[in-house]
Amino acid sequence: MENVHAVFNGTFDNLENIKISPLSRAYTFSDSVYEVIPFHNAKGIAFDRHIKRLQKSCNSLSILANIDLISKEIIELINKSKFKDGYVYYQVSRGVDQIRSHMFNADISTETFGYVVEHTFEAQSLKVMLCEDVRWQRCDIKSTSLLGNIMSMNNAKNSGCDEVIMHKDRVITEGGASNVFFASNDCVYTPNLSKNILPGITRELLIEKIKASGINVQEGSFKIDDLTDAKSIWLTSSTKGLAQVIEITNQETNIVVDHPLFLECEKIFKNNFLS
Ligand code: PMP
């Protein structure tokens, strides 16, 4: 079959042929978790780490998942697509209930859906807006319940911005769909892992690789005022890679575009994962 870019409950098909039930709990409650697995030259980037995080997200919500089968489906999607660069979106939901009820039936079957998207990993420069983090208290779970992110990112879009940097009582958490890094005084800083942020795979890889090359990295609790002194700020994600912040519309900054420390981190990342 040509152009098979999707898989639903184990069956590969074209995206437009897939039909889901309106009683899928993914539809009624966002009772589902997901992963975005990037690939370069048809090979998954940090594939095992994405699979491990998906398993962890499922475990956090007691969603049963056959992770070996899911891994095989993701690899098959990449291979069937014949795209050189792109990503697989893969979602695992609790399944279809007989009636819409918050308390789920224990015997429903997990519902899985994945599709592949062609994507080129090009450098992006972002205009961002600071905003209060209005999300729930388990942002470490990669859940499809993303209304807080959606509200903030669309407010930002309406103000001509590309992303947000969120904070809880002035303490930086993360981007709307990314993790935050900044650099000053020859040191790279990023918020430490907590239930308030997603443990980003790009964040983890970058920290490992730049530390190994001798760059000083500090994970900790940082305030939005720290961004004013930063010489460089960037956001990380599987689809963006490292994306420089060139302006924060509602805060003064002293950003130097293409700061040497950013360029070095970007080079290390590209050499390791995109060469
Ligand atoms: N935080 C949030 C809220 C995100 O949506 C993402 C992107 N999925 C990230 C961080 C970055 O995670 P990763 O590097 O694993 O893509």
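Residues numbered from 1 in each chain as written. Predicted model: local features only at pLDDT ≥ 70, side-chain atom pairs only at ≥ 80, totals over all residues. Heavy atoms only, no water.

> How would you summarise the domain arrangement of the protein if you had to cite specific residues and measurements?
Domain annotation of the protein identifies domain 1 (5-118) and domain 2 (124-273). If you average the C-alpha positions of domain 1 and of domain 2, the two centres end up 26 Å apart. Facing the 20 residues of domain 1 at the interface are 16 residues of domain 2. Between domain 1 and domain 2, the buried area comes to about 1500 Å², and carbon and sulfur atoms account for 61% of it. Contact with domain 2 buries surface across domain 1, with Y34, R49 and R53 losing the most and accounting together for 43% of the total. Where domain 1 packs against domain 2, one counts two salt bridges. The closest approach of N and O atoms between R49 and E208, which form a salt bridge, is 2.8 Å. Counting every contact that joins domain 1 to domain 2 gives seven residue pairs in polar contact (both at pLDDT 80 or more). (Domains from an automatic or database assignment. Contact = heavy atoms within 4.5 Å. Buried area = accessible area lost by both parts, 1.4 Å probe. Salt bridge = Lys/Arg side-chain N within 4 Å of Asp/Glu carboxyl O. Polar contact = N/O pair within 3.5 Å; in protein donor to acceptor, adjacent residues only side chain to side chain.)

> Break down the sheet that holds strand β7 (residues 125-132) for me, citing the residues and quoting the values.
Within the open sheet, the eight strands sit side by side as β9-β8-β7-β14-β13-β10-β11-β12. Their pairing is mixed. Two strands in the sheet have a free side with no partner beyond their single neighbour: β9 (171-175) and β12 (216-220). Averaged over all pairs of adjacent strands, the angle between their axes in this sheet comes to 35°, without regard to strand direction. Strands in contact with helix α4 (residues 147-158) are β7 and β8 (163-168); relative to β8, the strand with the most contacts, it is inclined by about 125°. Strands in contact with helix α7 (residues 260-273) are β10 (179-184), β11 (187-191), β13 (232-237) and β14 (241-248); relative to β14, the strand with the most contacts, it is inclined by about 155°. (Pairing = 2+ DSSP bridges. Helix = DSSP H or I, 4+ residues; strand = E, 2+ residues; numbered from the N terminus. Axes fitted to C-alpha atoms, helices over the stretch in contact; angles between N-to-C directions.)

> Tell me about the layout of surface pockets, residues and numbers included.
Its boundaries defined by the atoms lining it, the largest pocket holds a volume of some 830 Å³. Together, 38 residues line the largest pocket, and Y34, K142, L146, G176 and A177 are the ones closest to its centre. Elements with a contribution of two residues or more to the lining of the largest pocket: β3 (32-40), α2 (47-60), β5 (86-93), α4, α5 (201-212) and β13. Among the elements that make up the lining of the largest pocket, the one with the highest residue count is α4 (six residues). The class makeup of the residues in the lining of the largest pocket is 15 nonpolar, 17 polar and six charged. Here the second largest pocket is characterised by a volume of approximately 290 Å³. Around the second largest pocket, the lining comprises 15 residues; the ones closest to its centre are K52, R53, K56, P199 and E204. Elements that contribute at least two residues to the lining of the second largest pocket include exactly α2 and α5. At six residues, the largest contribution of residues to the lining of the second largest pocket is made by α2. For the lining of the second largest pocket, the domains that each give at least three residues are domain 1 (5-118) and domain 2 (124-273). (1 Å grid on protein atoms, 1.4 Å probe; cavity = no way out; pocket = protein on both sides within 12 Å on 5 of 7 lines; lining within 4 Å. Points joined across faces, edges and corners; volume = space filled by probe spheres on them. Nonpolar A, V, L, I, M, F, W, Y, C, P; charged D, E, K, R; others polar.)

> Go over the site of the ligand, please, and point to the residues and values.
Among the 16 residues in the neighbourhood of the ligand, the closest are listed as K142, E174, I201, T202 and S238. Take I201: an N or O atom from its main chain is 2.8 Å from an oxygen atom of the ligand. One of the side-chain N or O atoms of T202 is found 2.6 Å from an oxygen atom in the ligand. Comparing atom positions with the cavity grids shows the ligand to sit within the largest pocket. Contributions of two or more residues to the shell around the ligand are made by α5 and β13. (Near = heavy atom within 4 Å. Sits in = over half its atoms within 2 Å of the grid points.)

> Tell me what's going on with the sheet that holds strand β2 (residues 11-13), and back it up with residues and numbers.
Spatial ordering of the open sheet is given by β2-β1-β6-β5-β3-β4, a layout of six strands whose pairing is antiparallel. If you trace the sheet from one side to the other, it starts and ends with β2 and β4 (43-44), each paired once. The pairing of β3 with β5 spans eight bridges and is antiparallel. Looking across to β5, one finds that E35 is bridged to Y90. Against the sheet, α2 makes contact with β3, β4 and β5, and its axis sits at roughly 180° relative to β3, the strand it touches most.

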